[in-house]
Every structure is written in C-alpha cells, then in structure tokens.
Amino acid sequence: MSAELTESVPTFADPWPAREKITISGVRTIVTAPEGIPLVVVRIDTDTDGLYGLGCATFTQRWKAVRTMVDDHLARLLIGRYPGDIGDLVRLCGFAGYWRNGPVINNAISGIDQALWDIAGKRAGLPVHELLGGKVRAAVDTYIHAAGTTIEETLERAQSFVDQGWRYIRLQQATPGSGGYGAPRLRGEYPDAPYPDGWSARDYLRRTPRLFEQARSTLPEHVELLHDVHSRLTPKDALWLARALEPYRLFFLEDILPPEHWDRLPEIRSATSTPIAVGELTTSMTEAIQLIRNGGVDLIRSHISDIGGLTPARKLAALAELSGVRTAWHGPGDTSPIGAAANVALDINSVAFGIQEGHLYNDATHEVFPGTLRIEDGWLRPNETPGWGIDIDEQAAARFAPGLSGHDAWAAGVRRPDGALVEP
Ligand code: GCO
Ligand code: MG
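Everything numeric in this text was worked out from a predicted model, so none of it was measured.

### What to know about the sheet that holds strand E2 (residues 39-46)
Next, step 1: With respect to topology, three strands assemble into an open sheet ordered E1-E2-E3, the strand pairing being antiparallel. What marks the edges here is a single partner per strand, and that holds for strand E1 (24-32) and strand E3 (52-56). Put simply, the sheet's adjacent strands are angled 20 degrees from each other on average, direction ignored.
Next, step 2: Across five bridges, the pairing between E2 and E3 is antiparallel. Its bridge partner lying in E3, Ile 44 is registered against Gly 53.

And the structure:
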C-alpha cells in the first residue's frame, strides 16, 4: 500500500466527535520478568495531565511477537484517537489486519483494551469494577496449587495452605516424565523404553485417584479439591478419570482434553458428576463461546488476555451467567498483576463467578508493580483506587530483563515412553 493510500484510510481519525478533547499520544509495550517469566504490559499515554493506562498483554512464550504486534502494527491505529471509545478501538485493532484472533493478536489487543479501561477508571475517579456495574460479592475466593514429589508431600503442602486460610486447593503430584507447579518430574522410570524419561497415561490414571483418596482421608472435610490434567488424555481416558474421581467430590477437574478434541467434551461432561473446567487455551471468543454453547464445560476458564481482554471477557461472563456455567479465569504466574486485577474486577462483578486461580507474586513483582493485589486468607479484593490501582516502576522493571530460556519452550517437554510428544 502506498503512503498516500495509507493516509486516506479513515481508521486513523475519530469516526464521530469526541466527548472530551483527550487524545491518545503514545502506545508502547514494557516487558519485564521479576519472577523469571516475561510479563508484557501495554502503556497508553494521553495528551492530558499525565493521564495513562496499563494493560496485560502477556503471552509469555511468544512475548517478542506480541511486542512487535503492539509497537509496530497496532499503536499507529490509536494515536490521536479519543481513549473513551474502548469498544470501537478494540474492534478496530481486531479488524484492521483482516485475519484475526490467535494468542499474539489477542494479547496485543488485550493490553490496549485493559489500558483503555484503566484510563476510563482514572477519568471517572472509579475502580474498573464499578465501571462494570459494581460488586455482587464482598471478596473473591481463590485456589492455590499444592504439589510435591510424593502424595504425602503434596498433602503436607495442602494442609499448610489450609492452615494459612485457603479453602480451595489444587493437588498435583510428580509423575514420571512430567512435573510442574512445584512438583519435579520423575526421571528414568521406564528404563526398558526407547524414551526412559517418558510419561505414561496408564501410570497417571493409576496414581491420580490414589492422591485424591488420601486427600479426602487426610484434609479437613470442608476443603474443596481441584486438579489440572493439562490436556494430556484421550476422550475415553478423560472420562475414566472423571468417573474415578467422583467419590472425592472435586470442585473441578481441569483441562482433561487438548483443544483439538474439545468437540468430545459434551459427551464426557454428560457422563460424569465431576465438574469439568476448560478454557485456558482458548485463543478466540468463538472457541470460548462454543465451549459454553455446546455444553462442554461446567466452568469456563479462559485466559482473559488470550481472548482479547476485558471487553470480550465481560461478554463471556454474561453468556456464562445466562447459561448456568461458572467462571474460573486462568491466573497463574504468566499473568501480569494488571491481568490479575482484570480477573478480580470481573470476579467481584459477575454472578457467574465460580473460583479464581490465585498466584502469590514475589517481592520483586510487588516492587515493579506497586498496587499488585495480595491474597489474604485465600481471599482477593480489588483495589478501590481509580482504574486498576496498579502502577509500573519502569526503573525496577528494567532490572528484570526478559529472556528466551525456560518458559519459551517448556510446554513441548513431555514425551511418552515410546518417545512421541504429548499434547500440553
Ligand atoms: C494453570 C496452567 C498454567 C499453564 C501456564 C502456561 O492452570 O495455571 O495450566 O500453569 O501451564 O500458564 O504458561
Ligand atoms: Mg491449567
């Protein structure tokens, strides 16, 4: 496209008269890794009295691509526009490239979207949850991850979380060939196999019900138990596990199938009383909507930035509420504190709320992001200050340079004993 033609494209001007003379003067990404996990944040500046906003655009595995998407492609659509037309601006960013969705584009749009909500809150002098309609509950209950090498170790950790006030605990145990969430992977367990460090579904299906059987006999009765399969089962094995766990009354069983087989979720859900929670791998609203509409989930747990930000997520929460589905927004360490605040704004505002994944940010993250929410006795509360109530200290952020090691490729780390990669 020639420069003249670019200039004649009408997307760059306000399509209607702005309510106030405020314009977007800058859009840029800040990437920082205070926990070693790259966090991508979008900062939108305006031409008005130091007014700016922050949004979460964290796709930690591909953070460079998101940075390019924001800085090189989307920023120029926004400069000069009125920041109050959030709905129009995020649709513009989505439609401008013609091919839409996917985690890179949606995270970039989410960073912009959430930064615009932050600005809207600051202009109104209200926290974002009040812009959404205010609270329908006093606080947001969270779950925390307990993991260990053995069942005993996992349950000891769970008990200590219960002692600290948590009511919802996700239990994960080390298995051959697969670790995560603080549980190490057990190595060399299949010495006669072509790939001795492999992960076997059979073995996993034997171990997991034992973990929950012991949990129910050890942990106090009121404690709600959760588990993440991380997409590694076939539809039949997933159903077998969901049924085997029925006696232990899980609050939810997460990600039993990889996205490629989500069309099989409705049959599994209708054949078990174990609540099915899926969604962190949704990378479009279309996928997330289908999970609810097709009857595949009891809880929808999209990662809000992966479906494009708060603007689409609040529509999903409304659909969930009207469909009898509950929400459990994804909120691990690869969500920035701004993204975590967006989760909580929706949680506190939505009747569909089921549970919130909690993450205990380290001290460095609190230093980089003053105002980061803190979990107290398992509860989260939003900031009551305007916008998200969270800032970024760019000098501190610069001390934690993002890298490509670690999270960049960890997801492709699990193989079967025959050596074949397992879906993460
Ligand atoms: C969860 C998740 C995460 C993902 C991670 C990928 O339920 O919290 O499964 O821990 O593995 O977000 O980067
Ligand atoms: Mg998960």
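Right, picking up where we left off after that structure.
### Considerations on the pairing of E3
Next, step 1: A large share of E3 lies buried, amounting to five of its five residues.
Next, step 2: Of the two faces of E3, the one carrying Tyr 52, Leu 54 and Cys 56 and the one carrying Gly 53 and Gly 55 are both buried.
Next, step 3: Linking E2 back to E3 in an antiparallel pair, the connection comprises five residues, with Asp 49 at a positive phi of about 35 degrees.

### A short note on the packing of aromatic side chains
Next, step 1: Taken as a whole and judged by the stated rule, the model has six aromatic pairs.
Next, step 2: When the centroid spacing of 5.0 Å and the interplanar angle of 85 degrees are considered together, the rings of Tyr 168 and Phe 251 count as edge-to-face. In this pair, Tyr 168 is assigned in strand E5 (residues 168-173) and Phe 251 in the loop between helix H8 (235-244) and strand E7 (252-254), connecting sequence segments 83 residues apart.
Next, step 3: Since its relative accessible area comes to 8%, Phe 251 is described here as buried.
Next, step 4: For the pair Trp 199 and Tyr 204, a centre-to-centre distance of 5.5 Å together with 45 degrees between the ring planes defines the contact as tilted. When sorted by exposure, Trp 199 lands in the same class as Tyr 204, which is buried.
Next, step 5: Site record: aromatic cluster; members linked through ring pairs are Tyr 143, Tyr 168, Phe 251 and Phe 252.

### Let's talk about the packing of helix H2 (residues 63-78) against helix H3 (residues 86-96)
Working note: a packed helix pair is described by the angle between its axes plus the distance between those axes.
Next, step 1: At a minimum axis separation of 10 Å, H2 and H3 run at an interaxial angle of 135 degrees. Here H3 runs oblique to H2, going by the angle between their axes. Every pair of crossing elements has a handedness; the one defined by H2 and H3 is right-handed. Seen from H2, the contacting residues are Leu 74, Leu 77 and Leu 78; seen from H3, they are Leu 89, Leu 92, Cys 93 and Ala 96.
Next, step 2: Split into classes, the residues belonging to the contact of H2 with H3 amount to seven nonpolar, no polar and no charged.

### Brief notes about the pattern of salt bridges
Next, step 1: Following the criterion strictly, the structure yields 26 salt bridges and no others.
Next, step 2: For Arg 43, the salt bridge goes to Asp 45, with nearest N and O atoms at 2.8 Å.
Next, step 3: On the basis of relative accessible area, Arg 43 is assigned to the buried category, the value being 15%.
Next, step 4: A relative accessible area of 18% places Asp 45 in the buried class.

### Some details on the domain arrangement of the protein chain
By a widespread convention, an interface's size corresponds to the accessible area lost as its parts come together.
Next, step 1: Splitting the protein chain by domain gives domain 1 (3-126) and domain 2 (131-388).
Next, step 2: Each partner contributes to the interface: domain 1 provides 31 residues, whereas domain 2 provides 34 residues.
Next, step 3: Between domain 1 and domain 2, the buried area comes to about 2,400 Å², and carbon and sulfur atoms account for 62% of it.
Next, step 4: Three residues stand out in domain 1 for area buried against domain 2, namely Glu 35, Gln 114 and Trp 117, and they jointly supply 25% of the buried area on that side.
Next, step 5: Across the domain 1-domain 2 interface, the total number found is zero salt bridges.

So, how was this worked out
Residues numbered from 1 in each chain as written. Chains lettered and ligands numbered in written order. Predicted model: local features only at pLDDT ≥ 70, side-chain atom pairs only at ≥ 80, totals over all residues. Heavy atoms only, no water. Pairing = 2+ DSSP bridges. Helix = DSSP H or I, 4+ residues; strand = E, 2+ residues; numbered from the N terminus. Axes fitted to C-alpha atoms, helices over the stretch in contact; angles between N-to-C directions. Buried < 20%, exposed > 50% of the residue type's maximum accessible area, 1.4 Å probe, protein only. Phe/Tyr/Trp six-rings, centres within 6.5 Å; stacked < 30°, edge-to-face > 60°. Parallel < 35°, antiparallel > 145°, perpendicular 65-115°, else oblique. Left-handed = near helix turned anticlockwise from the far one by under 90°. Contact = heavy atoms within 4.5 Å. Nonpolar A, V, L, I, M, F, W, Y, C, P; charged D, E, K, R; others polar. Salt bridge = Lys/Arg side-chain N within 4 Å of Asp/Glu carboxyl O. Domains from an automatic or database assignment. Buried area = accessible area lost by both parts, 1.4 Å probe.

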